Structure formats: C-alpha cells, structure tokens
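Reading the structure
Here is what each chain is made of, one letter per residue.
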Amino acid sequence: MKYILLLASLSFAGALDYAYNAEYGSAFSEIDEKDSSACVLRGIALVTRFDDTGDTLDLDSALSVLKNCKTTTFWEPMRRYKIGLVHSILGNTFRSVMEARSAAVIFEKRTDIDSKAFYAIYAYYSPFSKFKQEDLKKGFEHSEMFSFVFGNSLVWILYEEKKYAEALDVANALLKRYPNHPTLLQTKAEMLFYNGKAKEAIAMFKESERYYAKRAPNSIRYWCAVAHLAKMTGDAVWKEKLKSAEYKAIKRWMPDIR
C-alpha cells in the first residue's frame with residue numbers, strides 16, 4: 001500500500017511540477033483522469049495557467065471542474081481551497097471567505113506538512129487564527145507537491161512584513177526549482193526593487209514585458225510589467241501605455257501595485 005501511495009504522490013508531483021514550470025500541456029497529459037485527485041490537479045493547473053497568461057476562461061473552467069469534483073481525504077480541503085482562490089480572483093469575497101474557512105477547518109485537524117502549511121496561509125490572513133510561519137517555511141522546504149505555492153505565499157508575507165531581503169532569498173530559492181516560470185521572475189524583480197536594486201529590477205521587468213508582448217499580449221502579466229516599469233522608471237513611454245483602452249479594459253483584474 002505504501003508503495004502504491006508513493007507512486008501516486010510522485011505522479012501528482014510530476015503534473016504539478018510541469019504546471020509550475022509553465023509546461024501546461026505536459027501537466028494536463030500527466031494527470032491520471034481515473035484518480036480521484038485528477039479534477040483537483042486539473043483545477044490547480046488551470047488557475048496556474050491563468051496567473052501566467054491571464055485567460056479568464058481558465059478561471060471559468062477551473063471553477064466548473066472543482067465544483068463538480070468528487071474527492072476525499074486531503075484533496076477535499078484542497079478542492080475547497082482552490083474554489084475559494086478562484087472566487088477571490090473573481091471578486092466574490094463572501095464565497096471566497098466561506099470556501100477558505102471550510103478548507104481551513106479540515107486542514108487544521110490534519111498533521112501532514114502540506115495541510116499545516118496551507119492552514120498557515122489561511123491563518124495569516126484570518127484575524128481569528130494563529131499564524132505559524134515555521135509551518136509555512138517547512139512546507140516550502142519539504143513539500144513534494146506544493147513547494148511553489150508555499151514559497152510564493154512566504155515571499156509575499158515577508159514582503160508585507162517589510163522583510164525584503166528574506167523575501168528575495170525565498171524568491172531566488174524558488175527560481176532554482178522552477179526556473180522557467182515567468183511569474184516568479186516578476187516576483188523576483190519586485191523584491192530586487194525593494195532591496196534597493198532598481199537597475200536589476202527594471203532590466204528584469206523590461207525582459208518580462210518583451211516576453212509577454214510576444215507570448216500573451218494584453219494579459220495581466222504583460223500589464224503588470226508595464227505598470228511596474230512606469231512606477232520604477234517614471235518614463236512617459238510606460239505611463240502612456242497605462243492610458244490605453246487595452247489597459248483600461250483589463251484594469252479591474254490587476255493586482256494592487258504600490
């Protein structure tokens with residue numbers, strides 16, 4: 001039984017690693033549709049692809065897949081967690097909070113590394129829960145499947161706490177494992193800026209802007225690069241782009257860029 005579970009875990013990790021390296025076709029083909037976790041893995045891959053390319057149809061597909069998903073054990077709170085995340089992106093705050101809370105209730109009772117790390121993410125943003133950064137850090141360092149998620153969350157929590165050097169260290173560690181994920185490069189660029197390395201940050205965002213202009217023009221990530229360049233350089237060329245009809249059409253999807 002342990003051998004079977006190990007093989008299943010390696011299969012799940014393989015599908016997620018493909019998704020976190022922006023190889024979405026390989027990620028979908030790696031998912032065993034006969035397994036009860038398949039629908040959750042597909043939902044995760046769809047949300048990850050949305051974060052990269054910005055196609056909102058991926059959010060619709062993810063929500064449909066996850067709502068109709070039937071699973072058990074660890075994958076049930078994961079299903080609810082991802083539904084909550086999609087609702088959060090869509091601006092459905094009440095539904096997002098309710099799904100996140102229902103996932104957290106289950107995660108809190110479990111003792112595995114992944115569950116404790118997911119609960120830590122929930123606890124950080126919940127005023128009524130105790131955040132344990134060591135659980136999130138342990139998940140980032142040791143999780144076979146969700147190191148990407150835990151590391152990314154840890155970066156932004158450290159950023160919120162103005163621990164910019166630590167946040168940059170985590171971003172660099174993530175890029176060693178997932179060197180091909182373009183959203184991580186934007187994260188690193190932002191952390192470089194807050195560590196006083198503006199030239200490096202601007203160079204990385206310019207590279208990101210060129211990359212997305214070819215791969216996913218007018219996507220959220222393309223405009224994130226432009227908005228950061230406008231903020232960091234103050235150059236009129238970037239500021240003018242933010243006055244365009246294309247940017248105004250997508251502005252409501254944009255994260256808050258300070």
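As shown above, the structure is provided for reference.
Residues numbered from 1 in each chain as written. Predicted model: local features only at pLDDT ≥ 70, side-chain atom pairs only at ≥ 80, totals over all residues. Heavy atoms only, no water.

**Focus on the packing of helix α5 (residues 75–90) against helix α6 (residues 93–109)**
Note the cut-off: To get an axis, fit a line to the C-alpha atoms, keeping to the stretch in contact for a helix; angles then go from 0 to 180 degrees between the N-to-C directions. Segments assigned H or I by DSSP are reported as helices when at least four residues long, segments assigned E as strands when at least two residues long, and all are numbered from the N terminus. For classification, angles of less than 35 degrees are called roughly parallel, those exceeding 145 degrees roughly antiparallel, those between 65 and 115 degrees roughly perpendicular, and all remaining angles oblique. By convention, the crossing between two helices is left-handed when the near helix turns anticlockwise from the far helix through less than a right angle, and right-handed when the turn is clockwise. Residues are treated as being in contact if the distance between any of their heavy atoms lies within 4.5 Å. Gly falls in the polar group here, along with every residue not listed as nonpolar (Ala, Val, Leu, Ile, Met, Phe, Trp, Tyr, Cys, Pro) or charged (Asp, Glu, Lys, Arg).
Where α5 contacts α6, the two axes come as close as 8 Å, and the packing angle between them is 160°. One finds that α5 runs roughly antiparallel with respect to α6. The handedness of the crossing between α5 and α6 comes out as left-handed. Residues Glu76, Pro77, Met78, Arg80, Tyr81, Ile83, Gly84, His87 and Ser88 of α5 form the contact with α6, whose own contacting residues are Arg95, Ser96, Glu99, Ser102, Ala103, Ile106 and Phe107. A per-class count over the contact of α5 with α6 returns 7 nonpolar, 5 polar and 4 charged.

**Re the state of the cysteines**
Definition in use: Any pair of cysteine sulfurs within 2.5 Å is marked as a disulfide.
Per the stated rule, a full pass over the model turns up 1 disulfide. Two residues share a disulfide in this structure: Cys39 and Cys69, whose sulfurs sit 1.7 Å from each other. Note on the Cys39 and Cys69 pair: the S-S dihedral is about 50°, so by sign convention the disulfide is right-handed. Within this pair, whereas Cys39 is found in helix α3 (residues 38–53), its partner Cys69 is found in the loop between α4 (56–67) and α5, the two being separated by 30 residues in sequence.

**Considerations on α4**
Short version of the rule: What a helix is expected to span follows from its residue count: subtract one and scale by 1.5 Å. Burial here depends on accessible area, computed with a 1.4 Å probe over protein chains only, as a share of the maximum for the residue type. Under 20% is buried, over 50% is exposed, and the range in between is partly exposed. As used here, the arc belongs to the directions running from the helix axis to the C-beta atoms. Think of a polar contact as two N or O atoms within 3.5 Å of one another; within protein, one of them needs to be a possible hydrogen donor and the other a possible acceptor, and neighboring residues in sequence only count if both atoms come from side chains.
Taking 1.5 Å of rise per residue, the 12 residues of α4 would be expected to cover 16 Å, and the 17 Å separating its terminal C-alpha atoms lies within 8% of that figure. Restricting attention to buried positions, one finds in α4 the residues Asp58, Leu59, Ala62, Leu63 and Leu66. An end-on view of α4 places all buried positions within 135° of arc, on one side of the element. Among the residues of α4, the N-terminal cap falls to Asp55, whose side-chain oxygen and the backbone nitrogen of Leu57 are separated by 3.0 Å.

**As for unusual backbone geometry**
Residue Ala22 is not a glycine yet carries a positive backbone phi of 65°. Examined against the element boundaries, Ala22 turns out to sit in the loop between α1 (2–20) and α2 (24–30). Overall, Ala22 belongs to the buried group, its relative accessible area being 19%. A positive phi is found at Asn218, a non-glycine position, where the angle reads about 70°. Residue placement: Asn218 occurs in the loop between α12 (198–215) and α13 (220–233).

**Some words on the pattern of salt bridges**
To be explicit about the condition: Every case where a carboxyl oxygen of Asp or Glu lies within 4 Å of a side-chain nitrogen of Lys or Arg is listed as a salt bridge.
Tallied over the full model, the rule gives 10 salt bridges. A salt bridge links Glu76 to Arg80, with the nearest nitrogen and oxygen atoms 2.8 Å apart. Taken together, the residues Glu76 and Arg80, both in helix α5 and 4 residues apart, mark about one turn of the helix. Given the relative accessible area of 13%, Glu76 is considered buried. Of the charged contacts, one joins Glu141 and Lys137 as a salt bridge, the two residues approaching to 2.5 Å between their closest N and O atoms. Residue Glu141 and its partner Lys137 are both found in helix α8 (residues 133–142); the two are separated by 4 residues, about one turn of the helix. Judged by relative accessible area, which is 39%, Lys137 ranks as partly exposed. When salt bridges that share partners are traced, they join Glu76, Arg79 and Arg80 into one network.

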